[in-house]
Amino acid sequence: MGRKRLIGIALLVVAQSAAGQGERAEPELVSPLGRALFALADTGDAVGQARGALAAHSDSVELLIALGQAQAGVWRYHDAIATYTSGIEANPDHALLYRHRGHRYISTRQFGKAVADLSRAAALDSTRFDIWYHLGLAHYLRGEFDAAVEAYRACRRAVASDDDLVAVSDWLWMALSRAGRHEEAAEVLTPIREGMDVEDNTAYYRRLLLYKGLLEEGAVAPAPDADDLQVATLGYGIANWILIQGDMDGAMAQFRRVVAGAYWPAFGFIAAEAELVRAAQ
């Protein structure tokens, strides 16, 4: 698609974003459990600033992605999806546009669309950790644990740090365990050790140490002053571990505690929600 078409689409995105910049009384979405979930107030005008940058350079895919990220940063995921969709119309072979839209389909609980987008992204660029990571998650949330394993194995081959290794190893261990492949799951824990250089993914790291028997459940539970994201992340991991041990009732109670929290875009929150939906079917 030509440059004029891209500019036209970018300007349309800017206009649509401007029309929706005010406070919203309607929820961003209603969860599969029936709970109204709301976006955040854009107190720092991050969306407005990103919109202005795109307006000044309307042929920039990077700035279009930045606008989508700003919208996602205040939990306006449908706006972000619309932004990425406009980019895909102009750039149908741009892997990162599918990667970001796929992520936001996860945020809005549209897991089938997420699998389609992230599979397309992986076909366009098979080297990126983040593409495989989100594809594995989309399969996992659908209960497609063997497919999640394959994506996470590809993701693990692209790790660049202990933080990356910890994040993907946690989900890979869970996917293998839920698929009943317990010997393979145990092998995932081989490189996990105390004293790893983990900065961003400490919650996943603590979960892995629990699986390996190096921490007790009580030591992994969220601290009283933990933020909502930590509560969701640690809470889901503990609940899933309890489920794997065979305690269905205990796991369901923990999943319900997770979805009672406020950080509804967290992967742990979304996963706990998906577990409760499947259990009710």
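Residues numbered from 1 in each chain as written. Predicted model: local features only at pLDDT ≥ 70, side-chain atom pairs only at ≥ 80, totals over all residues. Heavy atoms only, no water.

(A) Main features of the overall build of the chain. Helices and strands together make up the secondary structure of the chain, namely 15 helices and two strands. For the chain, the C-alpha radius of gyration of 19 Å lies close to 19 Å, the compact-globule estimate for 281 residues. With respect to the three principal axes, the spread of C-alpha positions in the chain is 60 × 40 × 40 Å. The buried share among the 281 residues of the chain stands at 51%. Counted over contacts in the chain with a minimum sequence separation of 6, partners at least 24 positions apart contribute 59%. Only carbon and sulfur atoms are counted for the fraction: they give 51% of the accessible area of the chain, which is about 12400 Å². (Helix = DSSP H or I, 4+ residues; strand = E, 2+ residues; numbered from the N terminus. Rg over C-alpha atoms; globule rule 2.2 N^0.38 Å. Buried < 20%, exposed > 50% of the residue type's maximum accessible area, 1.4 Å probe, protein only. Contact = heavy atoms within 4.5 Å. Areas by Shrake-Rupley, 256 points an atom, 1.4 Å probe, with all protein chains shown as cover.)

(B) Representation of the packing of aromatic side chains. Per the stated rule, a full pass over the model turns up eleven aromatic pairs. Ring centres 5.6 Å apart and planes at 20° place the aromatic pair Phe-129 and Tyr-133 in the stacked group. Separated by four residues within a single helix, Phe-129 and Tyr-133 lie in helix α7 (residues 129–141), roughly one turn from each other. Residue class for Tyr-133 comes out buried when judged on its relative accessible area of 8%. Here the aromatic rings of Tyr-236 and Phe-255 are separated by 5.5 Å at their centres, their planes lie at 25°, and the arrangement is stacked. In this pair, Tyr-236 sits in helix α13 (residues 228–244) while Phe-255 sits in helix α14 (residues 248–259), placing the two residues 19 residues apart along the sequence. A cation sits over an aromatic face here: Arg-207 above Trp-171, 5.7 Å from the ring centre. (Phe/Tyr/Trp six-rings, centres within 6.5 Å; stacked < 30°, edge-to-face > 60°. Lys NZ or Arg CZ within 6 Å of the ring centre and 35° of its normal.)

(C) Looking closely at the packing of α7 against helix α8 (residues 145–156). In contact at an axis separation of 8 Å, α7 and α8 are set at 170° when each is read in the N-to-C sense. One finds that α7 runs roughly antiparallel with respect to α8. With respect to the hand of their crossing, α7 and α8 are arranged in left-handed fashion. Of the residues in α8, those in contact with Phe-129, Trp-132, Tyr-133, Leu-135, Gly-136, Leu-137, His-139 and Tyr-140 of α7 are Phe-145, Ala-147, Ala-148, Ala-151, Tyr-152, Ala-154 and Cys-155. Here the contact of α7 with α8 is built from residues that sort into 13 nonpolar, two polar and no charged. (Axes fitted to C-alpha atoms, helices over the stretch in contact; angles between N-to-C directions. Parallel < 35°, antiparallel > 145°, perpendicular 65-115°, else oblique. Left-handed = near helix turned anticlockwise from the far one by under 90°. Nonpolar A, V, L, I, M, F, W, Y, C, P; charged D, E, K, R; others polar.)

(D) Broad picture of unusual backbone geometry. At Trp-75, a position not held by glycine, the phi torsion is positive, near 65°. Mapped onto the elements, Trp-75 comes out in the loop between α3 (61–73) and α4 (77–90). Not every positive phi belongs to a glycine, and Arg-109 is a case in point at roughly 65°. Secondary-structure assignment places Arg-109 in the loop between α5 (95–107) and α6 (111–124). With relative accessibility at 11%, the residue Arg-109 sits in the buried group.

(E) Focus on the pattern of salt bridges. All told, the structure shown has 13 salt bridges when counted by the stated rule. For the salt bridge of Asp-162 with Arg-193, the shortest nitrogen-to-oxygen distance reads 3.8 Å. Of the two residues, Asp-162 sits in helix α9 (residues 162–178) while Arg-193 sits in the loop between α10 (182–188) and α11 (202–211), which places them 31 residues apart along the sequence. Judged by its relative accessible area of 42%, Arg-193 is partly exposed. Between Glu-275 and Arg-278 there is a salt bridge, with its nearest N and O atoms 3.2 Å apart. (Salt bridge = Lys/Arg side-chain N within 4 Å of Asp/Glu carboxyl O.)

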